[in-house]
Amino acid sequence: MNFLPEGYPFLVGMTLLAAVTFVLALRLRSWPLWLAAFGFVLLAIVVAWYFRDVASINAPTASSLFDRGPAGVAEMVTVVST
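Owing to the predicted nature of the structure, the values given are computational and were not obtained by experimental measurement.

Q: Got a minute to help me understand the environment of Leu4 in this structure?
A: Tracing the chain through its elements places Leu4 in the segment before α1 (8-28). Leu4 sits in the partly exposed class, given a relative accessible area of 29%. Distance in space between the C-alpha atoms of Leu4 and Tyr50 is 9.4 Å, their sequence separation being 46 residues. Not counting residues up to four positions away in its chain, the partners in contact with Leu4 are Phe51, Arg52 and Asp53.

Q: What should I look at first to understand the packing of aromatic side chains in this one?
A: Here a ring pair, both rings aromatic, is described through the centre-centre distance and the interplanar angle of the planes. Under the criterion given, the structure shown has three aromatic pairs. Considering the side-chain rings of Phe10 and Phe51, the 5.4 Å spacing of their centres and the 5° angle between planes classify their relative orientation as stacked. Of this pair, Phe10 sits in helix α1 while Phe51 sits in the loop between α2 (31-50) and β1 (66-68), and the two are 41 residues apart along the sequence. Residue classification places Phe51 among the buried positions, given a relative accessible area of 15%.

Q: Would you take a moment to explain the environment of Leu17 for this structure?
A: Assignment of secondary structure puts Leu17 in helix α1. Placed 20 residues apart in sequence, Leu17 and Ala37 show a C-alpha to C-alpha distance of 8.0 Å.

Q: Could you clarify how one ought to interpret α2 in this entry?
A: Note: α-helices contain 3.6 residues per turn, so residues at a spacing of three or four share the same orientation. In a regular helix each residue adds 1.5 Å, so 20 residues correspond to 28 Å; α2 covers 29 Å between its end C-alpha atoms and thus fits that length. If you check which residues of α2 are buried, you get Ala37, Ala44, Val47 and Ala48. In an axial view of α2, the angular spread of the buried residues amounts to 95°, which keeps them on one side of the axis. Turned more than 90 degrees away from the buried face of α2, the exposed residues are Trp31, Pro32, Leu35, Ile45, Trp49 and Tyr50. Where α2 is buried, its residues meet α1.

About the criteria used
- Residues numbered from 1 in each chain as written.
- Predicted model: local features only at pLDDT ≥ 70, side-chain atom pairs only at ≥ 80, totals over all residues.
- Heavy atoms only, no water.
- Helix = DSSP H or I, 4+ residues; strand = E, 2+ residues; numbered from the N terminus.
- Buried < 20%, exposed > 50% of the residue type's maximum accessible area, 1.4 Å probe, protein only.
- Contact = heavy atoms within 4.5 Å.
- Phe/Tyr/Trp six-rings, centres within 6.5 Å; stacked < 30°, edge-to-face > 60°.
- Expected span 1.5 Å × (residues − 1).
- Arc of directions from axis to C-beta.

Laid out in structure tokens, this is it:
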């Protein structure tokens, strides 16, 4: 999976924070630190999902009223009469 360049600092930061918290949890044998490290891993996964490069995914597009591109830019707006 490819990521947007703007998200690299966030991805690296969250990964390092999770790794440091895991190391501290191992050295201090602290359950709250284990839980915090697990939370940081989940947060890193969410950050990675948010900054994924949608243009590189070959997903089929469904016709809808509002189609948006990978950057959230409107490409086509269709008026539908009822």
